[in-house]
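Here is how the chains run, residue by residue.
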Amino acid sequence: MDALSSSFLSSTSSKSLLISAVNPPPPPLPPPSSPPLLSVTSVRTDERPPKITTTTTRSPPSPPAQPSPPLSSLPRTAPPPPPPPTGPRRDTSLPVTIFSALDGLINNFIDPPLKPSVDPCHVLSGNFAPVPDELPPTDCLVESGRLPACLDGAYLRNGPNPQFLPRGPYHLFDGDGMLHSIKISRGRARLCSRYVRTHKYSVENSLGMPVLPNVFSGFNGLAASAARGALLAARMAAGQFNPANGIGLANTSLAFFGNRLYALGESDLPYEVRVTPDGDVETVRREDFDGKLFMSMTAHPKVDPETGEAFAFRYGPVPPFLTYFRFDKNGKKLPDVPIFSMVRPSFLHDFAITKKYAIFSDIQIGMNPMDMIFGGGSPVGTDPGKVPRLGIIPRYAKDESEMRWFDVPGFNIIHAINAWDEKEGDEVVLIAPNIMSVEHTLERMDLIHALVEKVRINLRTGVVSRQPLSARNLDFAVINPGYVARRNKYVYGAVGDPMPKVSGVVKLDVSRSDRQDCTVACRMFGPGCYGGEPFFVAREPGNREAAEDDGYVVSYVHDEYRGESRFLVMDAKTPDLEIVASVRLPRRVPYGFHGLFVREGQLKIS
Ligand SMILES: [Fe+2]
């Protein structure tokens, strides 16, 4: 399931949870001195496929978007407007026309009233609205400060950007993956936004209409679910879509291993992408690693920076519910390790590695295919009677014979931040945000709260101990990538206000053991300004003597008052995460999921 990445993040009213130990946040950015120039409050209202531009030449900034009427002002039964003169034409063959008409019948007459969590008028409001098309490489304005030399490379952030305006139910996780890449070279920056050319995207783009039902929202009531299932079967029988070529959205994250850059979504194989020297982003292929990778792979593989190996897994609704595997430093996939001791299908979005172990979570969020089909609910649901547990397996295991599970009541994690070994391997330490009130995970992300914890598992005694590190609502947390799998000190977490909106970044010192809040630095973006997942870029990645926090925290930030997006570079060592460079982007970047910085040298070999 794709975007599950983003979502299970939390939130709550964090203002009441500010900790006294926190360094006082800097004064907020001043509010706009003039009335808002552009308040993006609606989604586009046409059904136009994006204009696919293949040029890689330097282009002027796009003109300001024309405001559209709010989606909520349109009747759901409104006929779609005529197709625009540009972009791929809609396939008007008889089968395609019939299927499209049936789809319209389901949307307009069979679907029950939409809940807010799957109502596109709600889900795609504000800066969650998709951008209307792709953006070729476009020069940006460095409006303050200077871009440090260590940022030569590209920062890419993945996220959902539905190719077609949904006419029926739509969940935040359901959009086609779009990569927003800022390519930096010698202090200059260019922004490029491109869809990942998944199989689903390509088929739907060529037909000029959606074909696959949305995974998280498309099954909406028994009658509508049955109708959508039958329609999809008919489309497959007619040769319109072959699921064997991939059903995923590649909308969740990115990873770089084996000298290749991948866009990832956990319901499909990785899609290899590349950033061209002039800043364009191209999809290379759907990668099955010489036929050795089947069906799907997590969107959160872990790369050991010292060995170059990548560790990953897949999970699903049929046994084995979890399968662990790894890649060597050249990107060669090694044999699967099926985990049959995972006895029920569980939502397993992320995991962690140490130098000796891989750590999996078995949480109270499980997969509910029957409920989805017969109850019209989500494919993912919660089981409050289940005791969450952590499973630890040697990271080079060839089978699960040495895997051990440890009950950790109340510990429901969606993301893991880092893990390491202590006491000569007798103890494993895991840092992760624990999701409070997991029952709200899918439908009310604004009601859940993520509490970053340090969990210590003694493999000799079986004792599990836990330490909360901050009371703030933090997720989308990252570390210096050079410290994956080994003991680290600093974590940079996104402040949910509420999630999935991010109002700032907090730096934690997780080495503290004095039961105090571990926050040591904070940067709030200011009124009306929201960012996303931060990413840490080391100033001297090859210098092992460099301090762990010697580098920069980067993120896209959107100003909802002005309708403007920026790329911010913050000094990670300063107590207020001082902004050392601000890049005005030529077009807004919608809120999204996970990102990755890829250095210039890596771009050249990928
Ligand atoms: Fe994620």
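Rules used in this analysis
- Residues numbered from 1 in each chain as written.
- Predicted model: local features only at pLDDT ≥ 70, side-chain atom pairs only at ≥ 80, totals over all residues.
- UniProt positions renumbered as here; feature names shortened; annotations may be inferred.
- Contact = placed C-beta atoms within 7 Å.
- Helix = DSSP H or I, 4+ residues; strand = E, 2+ residues; numbered from the N terminus.
- Buried ≥ 20, exposed ≤ 12 C-beta atoms within 10 Å, placed from the backbone.
- Pairing = 2+ DSSP bridges.
- Axes fitted to C-alpha atoms, helices over the stretch in contact; angles between N-to-C directions.

1. Topic: the UniProt feature "binding site: Fe cation" (unreviewed entry) in the protein
Listed under "binding site: Fe cation" (unreviewed entry) in the UniProt record, and renumbered for this structure, are His 300, His 349, His 415 and His 594. For this annotated set, covering 295 residues, all C-alpha atoms fall within 12.8 Å of each other, a compact arrangement in space. Other than its neighbours up to four places away in sequence, His 415 contacts His 349, Asp 350, Ala 432, Pro 433 and Asp 475. Here His 594 is to be found in the loop between β32 (579-584) and β33 (595-599). Residue His 594 is classed as buried on the basis of its 25 C-beta neighbours within 10 Å.

2. Here's the deal with the environment of Glu 143
Along the chain, the position of Glu 143 falls in strand β2 (residues 141-145). As for Glu 143 and Arg 584, which are separated by 441 residues in sequence, their C-alpha atoms are 6.2 Å apart. Apart from the residues within four sequence positions on either side, Glu 143 is in contact with Ser 582, Val 583 and Arg 584.

3. A few points about the sheet that holds strand β3 (residues 153-160)
Strand order in the open sheet made by the five strands is β1-β5-β4-β3-β33, with antiparallel pairing throughout. This sheet does not close on itself; its edge strands, each paired only once, are β1 (135-139) and β33. Each strand of the sheet is rotated relative to its neighbour by a mean of 15°, with strand direction disregarded. The pairing of β1 with strand β5 (residues 188-195) spans three bridges and is classified as antiparallel. Bridging across to β5, Leu 135 finds its partner in Ser 193.

4. Overview of the pairing of strand β12 (residues 322-327)
Taken across its six residues, β12 has six buried, putting it largely inside the fold. Where burial is concerned, the two faces of β12 agree: the one with Leu 322, Tyr 324 and Arg 326 and the one with Thr 323, Phe 325 and Phe 327 are both buried. What sits between the antiparallel neighbours strand β11 (residues 310-315) and β12 is a turn of six residues.

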